[in-house]
Amino acid sequence: MRQSASKRVLVTGGAGFLGSHLCERLLAQGCEVLCVDNYFTGSRNNVAHLTNSPRFELLRHDVTLPLHVEVDEIYNLACPASPVHYRHDPIHTMKTSVLGAINMLGLAKRLNARILQASTSEVYGDPSVHPQPETYRGDVNPIGPRACYDEGKRCAETLFFDYHRRHGVEIKVARIFNTYGPRMHPEDGRVVSNFIVQALRGDPITIYGDGTQTRSFCYVDDLIDGFLALMDSPAAVTGPVNLGNPGEFTMLDLAEKVLKLTGSSSRIIHRELPQDDPRQRRPDITVARTVLGWRPRVPLDAGLKRTIAHFDALLGRPGLRTAAE
Ligand code: NAD
Ligand code: UDP
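The structure contained in this document is the topic of the report that follows. Everything quoted here is computed from the prediction, not taken from an experiment. (Residues numbered from 1 in each chain as written. Chains lettered and ligands numbered in written order. Predicted model: local features only at pLDDT ≥ 70, side-chain atom pairs only at ≥ 80, totals over all residues. Heavy atoms only, no water.)

1. Observations regarding the site of ligand 1
The environment of ligand 1 is formed by 30 residues, the closest being Asp37, Thr41, Tyr149, Lys153 and Thr179. For ligand 1, an oxygen atom lies 3.3 Å from a polar atom in the backbone of Cys79. Look at ligand 1: alone it shows 820 Å² of surface, and the protein chains cover 97% of it. Where the shell around ligand 1 is concerned, the elements lending two or more residues are helix H1 (17-28), helix H3 (90-111), strand E5 (114-120) and helix H4 (147-167). With three residues, E5 is the single largest residue contributor to the shell around ligand 1. Broken down by class, the residue content of the shell around ligand 1 amounts to 14 nonpolar, 12 polar and four charged. (Near = heavy atom within 4 Å. Polar contact = N/O pair within 3.5 Å; in protein donor to acceptor, adjacent residues only side chain to side chain. Areas by Shrake-Rupley, 256 points an atom, 1.4 Å probe, with all protein chains shown as cover. Helix = DSSP H or I, 4+ residues; strand = E, 2+ residues; numbered from the N terminus. Nonpolar A, V, L, I, M, F, W, Y, C, P; charged D, E, K, R; others polar.)

Written out as structure tokens, the structure reads:
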């Protein structure tokens, strides 16, 4: 029998980067948290500090398979997010997005639970509209190497809106722009963790292409604030809502910032630009500001400092600062 009246929340992908921060915040709010993960890119270590809480439960499960649990709310985050990882097994990535959405929406329908989807700015592909508002329908190559992720996430959005229209499921769709912070995997392959780890190890900073492509980087705490605000918004607010920091930087800008903040003497080298790499990306966050009252607060330098401190401590542990030694 349940001992308390606290909200029971399922977080799929809860042992990943964003998921672990979300689990932490939900526990701090007094929720019971069921963290579900197949540990493809996430790890038990990310949530080890939460396992002492009697309100936290960890379950190894792949969301491509049905799940029968009892919860009040669902955050569906399960999916590899780094291009290196989602391209590793593109068919499983697509299954995770599509079958994962079907299974979690089916669960939400049975339980009459609210469900939030971690969608992505990748639904805009290589955008020809800049900055990107939610009304922009995107420019995605459906047969390219990023398609398993981009089209998988687009299909998941379609499923969310069809379950909403057809079955009245209460949905919330967040389109997340590049988010960074502590607990990104050091070998994750995404640009912020790559540059920081390379700088701290004294390895060359790898810029793909000429480095003039842009991204907008949101610090993880801001993003989690946005998730919580969206989940708690009135039922009529379905999204999609862009969540991201509108500051826009080239990869050259980012490399220079990381070098300055780490005090590293790493040199910059250039590698081939991956196919279909978006040229530019910046969120229009008018909807998030006006509907959710949300805006990011942590500037890039401050967020990078916190992330660098995390990786510095992590790489300082024996056996991890290996690449340049
Ligand atoms: P992450 O790789 O750290 O986390 C993903 C988690 O999902 C991992 O713990 C992984 O093991 C788990 N997972 C993957 N496939 C699974 C499956 N089939 N069944 C169960 N668990 C599975 O990435 P993240 O940055 O924390 O991203 C979380 C979510 O947010 C993803 O859905 C991602 O697409 C989305 N997102 C993130 C960003 C970002 O910049 N961080 C941007 C856009 C969208
Ligand atoms: N990138 C880079 N060097 C790296 C990793 C990534 O120059 O070591 C570039 C990548 O080509 C892209 C940008 O950084 O233009 C962001 O890449 P990331 O994989 O972090 O996310 P994306 O927004 O492409 O999904």
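2. Let's talk about the site of ligand 2
In the vicinity of ligand 2, 18 residues are found, and the nearest of them are Val191, Thr206, Arg215, Asp277 and Arg281. Contacts to ligand 2 include Gln213, whose side-chain N or O atom sits 3.0 Å from an oxygen atom. One of the side-chain N or O atoms of Asp277 is found 2.6 Å from an oxygen atom in ligand 2. In isolation ligand 2 exposes 520 Å². Once the protein is present, 95% of that is buried. Contributions of two or more residues to the shell around ligand 2 are made by helix H5 (191-201) and strand E8 (205-208). In terms of residue class, the shell around ligand 2 is built from seven nonpolar, five polar and six charged.

3. Describing the packing of H5 against helix H7 (residues 251-262)
For any two helices packed against each other, one specifies the crossing angle of their axes together with the interaxial distance. Two elements in contact, H5 and H7, have axes separated by 10 Å at closest approach and are oriented at 40 degrees. In this view, H5 runs oblique relative to H7, as classed from their interaxial angle. Relative to H7, H5 is oriented so that their crossing is right-handed. For the pair H5 and H7, contact is made by Val191, Val192, Phe195, Ile196, Ala199 and Leu200 and by Met251, Leu254, Ala255, Val258 and Thr262, respectively. A class-by-class count of the residues in the contact of H5 with H7 yields 10 nonpolar, one polar and no charged. (Axes fitted to C-alpha atoms, helices over the stretch in contact; angles between N-to-C directions. Parallel < 35°, antiparallel > 145°, perpendicular 65-115°, else oblique. Left-handed = near helix turned anticlockwise from the far one by under 90°. Contact = heavy atoms within 4.5 Å.)

4. A look at the nonpolar core
The biggest cluster of nonpolar side chains holds 61 residues, and the ones touching the most others in it are Leu22, Leu26, Tyr75, Phe227, Leu243, Leu254 and Leu304. For this core, the element with the most residues is helix H6 (residues 220-231), which contributes seven residues. Setting aside anything within four residues of it in sequence, one finds Tyr75 in contact with Val9, Leu10, Val11, Thr12, Leu22, Leu26, Leu116, Phe227, Leu228 and Met231. Core analysis: the next-biggest nonpolar cluster, separate from the first, contains 26 residues, Ile74, Ala113, Ala156 and Phe160 among them. (Core = buried A, V, L, I, M, F, W, Y, C linked by side-chain atoms within 4.5 Å. Buried < 20%, exposed > 50% of the residue type's maximum accessible area, 1.4 Å probe, protein only.)

5. Looking at the pairing of strand E4 (residues 73-76)
Residues Glu73 and Tyr75 of E4 are buried on one face, and the alternating residues Ile74 and Asn76, pointing to the opposite face, are buried as well. The sheet contact formed by strand E1 (residues 8-12) and E4 spans four bridges and is parallel. The residue of E4 that forms the bridge with Thr12 is Asn76. (Pairing = 2+ DSSP bridges.)

6. Focus on empty space enclosed by the protein
Taken as a whole and assessed by the stated rule, the structure comprises one cavity of 30 Å³ or more. One number sums up the size of the largest cavity: a volume of about 40 Å³. Around the largest cavity sit Asn76, Leu77, Ala78, Thr96, Ser97, Ala101, Gln117, Lys153 and Ala156, which together line it. Every element with two or more residues in the lining of the largest cavity is listed here: H3 and H4. Top element by residues in the lining of the largest cavity is H3. It accounts for three residues. The residue inventory of the lining of the largest cavity, partitioned by class, reads four nonpolar, four polar and one charged. (1 Å grid on protein atoms, 1.4 Å probe; cavity = no way out; pocket = protein on both sides within 12 Å on 5 of 7 lines; lining within 4 Å. Points joined across faces, edges and corners; volume = space filled by probe spheres on them.)

7. Focus: the side chain of Asn76
Following the sequence through the fold, Asn76 ends up in strand E4. Not counting chain neighbours up to four residues away, the residues in contact with Asn76 comprise Thr12, Gly100, Ala101, Met104, Leu116, Gln117 and Ala118.

8. As for the packing of aromatic side chains
Evaluation of the coordinates by the stated rule reveals six aromatic pairs. Here the aromatic rings of Tyr124 and Phe177 are separated by 6.1 Å at their centres, their planes lie at 40 degrees, and the arrangement is tilted. Of the two residues, Tyr124 is situated in the loop between E5 and H4 and Phe177 in the loop between strand E6 (171-176) and strand E7 (179-180); the sequence distance between them amounts to 53 residues. Taking relative accessible area as the criterion, Phe177 reaches 1% and is therefore assigned buried. Look at Tyr180 and Tyr219: their rings are 5.6 Å apart centre to centre, the planes differ by 65 degrees, and that puts the pair in the edge-to-face class. Taken as a pair, Tyr180 in strand E7 and Tyr219 in strand E10 (residues 218-219) lie far apart in primary sequence, 39 residues in all. The exposure class assigned to Tyr180 is buried, which follows from its relative accessible area of 1%. In this structure an aromatic cluster arises from ring pairing among Tyr124, Tyr136 and Phe177. (Phe/Tyr/Trp six-rings, centres within 6.5 Å; stacked < 30°, edge-to-face > 60°.)

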